[in-house]
Amino acid sequence: MGTSTVTVTPVTGATGADVAGVDLTRPLSNAQWDSIHQAFLDHQVLRFRGQHVSPAQHLEFARRFGPVQRYPYGNGLPDFPDVLEFSRNPGDARNFGGLWHSDTTYLPEPPMATMLVARELPPVGGDTLFANMYLAHETLSDGMQAMLADMKAVFSATKRYMEEDRVAVHSGNALKKADEGVTTEAVHPVVRTHPETGRKALYVNRGHTVRFDGWTAAESEGLLNFLFGHAERPEFQCRMNWEDGTLIVWDNRCLQHFAVDDYPGRRRVMQRVTIAGDAPA
Ligand SMILES: [Fe+2]
């Protein structure tokens with residue numbers, strides 16, 4: 001028990017908030033958790049500064065949101081298989097997540113949230129952008145909303161640049177390939193309804209969506225490219241920088257994100273836990 005002293009400060013007019021007044025190395029009171037959970041639903045992505053959590057504490061906080069889910073393409077830390085570490089080293093050509101996407105939407109039940117902790121950072125750069133897909137949907141015309149309402153799309157792990165990303169980031173890790181029994185394709189609604197807020201969100205993303213269900217890739221290309229570009233408009237976004245001890249958790253059901261690759265020749269190490277989600281509907 002105890003009185004919540006959690007403070008929530010929006011980052012932009014579109015999405016994102018800084019949360020202060022909590023110590024994530026200690027168990028949260030129910031009042032603190034209620035404030036954090038409401039802020040998560042209201043702002044979609046939350047940043048916590050100065051949280052030097054161990055992998056066990058990282059997992060403990062993630063489990064307040066729900067059961068954790070392992071990444072299908074990589075192995076976790078030896079003692080914490082649910083914690084995926086990914087590093088960018090000075091010689092690496094590519095950056096993990098360097099295009100707009102929502103995490104692993106090629107799975108039948110993509111993770112509802114992703115929680116990332118910074119372990120090693122470049123002196124400057126390496127920010128993460130987030131875009132609010134509620135706003136992306138709300139700003140489409142009535143005609144476009146009506147057409148998309150009943151459409152589904154095919155999401156795949158095999159879009160070429162995402163494959164290159166995985167090879168680049170996991171070059172030092174034991175990387176599973178698509179032929180090792182990992183699910184690589186799923187069909188989801190183009191617009192999903194958030195199960196907790198009831199709000200509609202545009203769900204197609206440049207990283208994983210390959211075509212509309214029942215349409216050819218060629219037929220899909222024009223409309224998909226319009227929707228990708230619309231989803232990526234700056235007025236739907238916030239930009240989060242990282243400091244030592246920064247922890248960020250975001251809602252994959254109503255956001256896309258983008259990892260900015262502006263720190264060539266520098267090392268960056270992050271640890272990620274994903275929280276299980278449901279089948280988009
Ligand atoms: Fe991602």
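Right above here is the structure, for reference.
Thresholds applied
- Sequence order as written defines the numbering, with residues in each chain counted from 1.
- The predicted nature of this model means local features are confined to residues of pLDDT at least 70 and side-chain atom pairs, given and counted, to a pLDDT of 80 or more, with totals for whole chains, interfaces and linings taken over all residues.
- Excluding hydrogens and water, the side-chain figures rest on all heavy atoms present in the structure.
- Strands are labelled as partners when DSSP assigns at least two bridges between them.
- We count a stretch as a helix when DSSP gives it H or I for four or more residues in a row; a strand needs E for two or more, and each element gets its number in order from the N terminus.
- Helix axes are fitted only over the stretch in contact, all axes being lines through C-alpha atoms; the angle between N-to-C directions runs from 0 to 180 degrees.
- As a rule, N, O and S atoms within 2.8 Å of a metal are its donors, except that Na, K and Ca use 3.2 Å; water is not among the atoms, so sites may look incomplete.
- Residue burial is assigned from relative accessible area. The probe radius is 1.4 Å, only protein chains are included, and a residue is buried under 20% of its type maximum, exposed over 50%, and partly exposed in between.
- Counted as salt bridges are all cases of a side-chain nitrogen of Lys or Arg within 4 Å of a carboxyl oxygen of Asp or Glu.
- Contacts described as polar in this section are N or O atom pairs within 3.5 Å, which, within protein, must combine one atom able to donate a hydrogen with one able to accept it, while residues neighboring in sequence count only if both atoms come from side chains.
- Every residue pair with non-hydrogen atoms within 4.5 Å of one another is taken to be in contact.
- Here is how to tell: hold the view so the strands point away, follow the path from the first strand over the helix to the second, and if it runs clockwise the crossover is right-handed.

Looking at the sheet that holds strand β7 (residues 128–132)
In step 1: Here 3 strands make up an open sheet; going across it, the order is β13-β7-β15 and the pairing antiparallel. Strand pairing shows two members of the sheet lacking a second neighbour, β13 (237–240) and β15 (255–259), which therefore form its edges. For this sheet, the mean inter-axis angle between neighbouring strands, taken without regard to orientation, is 20 degrees.
In step 2: Direction of pairing for β7 relative to β13: antiparallel, over a ladder of 4 bridges. Opposite threonine 128, over in β13, you have methionine 240 as the bridge partner.

As for the coordination of the iron ion
In step 1: With distances of 2.1 to 2.2 Å, the protein atoms coordinating the iron ion are His101 (NE2), Asp103 (OD) and His257 (NE2).
In step 2: For the iron ion, all donor residues lie on one chain, and their spacing in sequence is H-x1-D-x153-H. Of the two residues, aspartate 103 is situated in the loop between β5 (84–88) and β6 (113–120) and histidine 257 in strand β15; the sequence distance between them amounts to 154 residues.
In step 3: A residue is classified by how much of its surface remains accessible, and aspartate 103, at 3% relative accessible area, is buried.

What to know about the pattern of salt bridges
In step 1: Considering all chains together, one arrives at 15 salt bridges under this definition.
In step 2: The shortest N-O distance in the salt bridge between arginine 70 and aspartate 82 comes to 2.6 Å. Of this pair, arginine 70 sits in the loop between β4 (68–69) and β5 while aspartate 82 sits in the loop between β4 and β5, and the two are 12 residues apart along the sequence.
In step 3: Judged by relative accessible area, which is 17%, aspartate 82 ranks as buried.
In step 4: Between arginine 233 and glutamate 235 there is a salt bridge, with the nearest N and O atoms lying 2.6 Å from each other.
In step 5: The class of arginine 233 is partly exposed, set by a relative accessible area of 32%.
In step 6: Look at glutamate 235 and you get partly exposed, because its relative accessible area is 45%.
In step 7: The network of salt bridges with common partners includes Arg63, Arg70 and Asp82.

Some details on the side chain of histidine 188
In step 1: Position of histidine 188 relative to the elements: it lies in strand β9 (residues 185–189).
In step 2: For histidine 188, a relative accessible area of 2% gives the class buried.
In step 3: In this structure the side chain of histidine 188 is engaged in a polar contact, spanning 3.0 Å, whose partner is the backbone oxygen of threonine 105.
In step 4: Once you skip the residues sitting within four places of it in the chain, histidine 188 turns out to touch Thr105, Leu107, Pro108, Pro110, Lys152, Ala153, Phe155, Tyr203 and Pro280.

Looking at the pairing of strand β2 (residues 17–20)
In step 1: Burial along β2 is one-sided: Ala17 and Val19 are buried, while Asp18 and Ala20, pointing the other way, are not.
In step 2: In textbook terms, the turn of a hairpin is the stretch between consecutive antiparallel strands, and for strand β1 (residues 7–10) and β2 this stretch comprises 6 residues, one of which, glycine 16, has a positive phi near 90 degrees.
In step 3: As paired elements, β2 and strand β3 (residues 45–48) share 3 bridges and run parallel to each other. Paired with alanine 17 across the two strands is leucine 46, which belongs to β3.
In step 4: The parallel pair β2 and β3, bridged by helix α1 (residues 30–43), forms a crossover whose chirality is right-handed.

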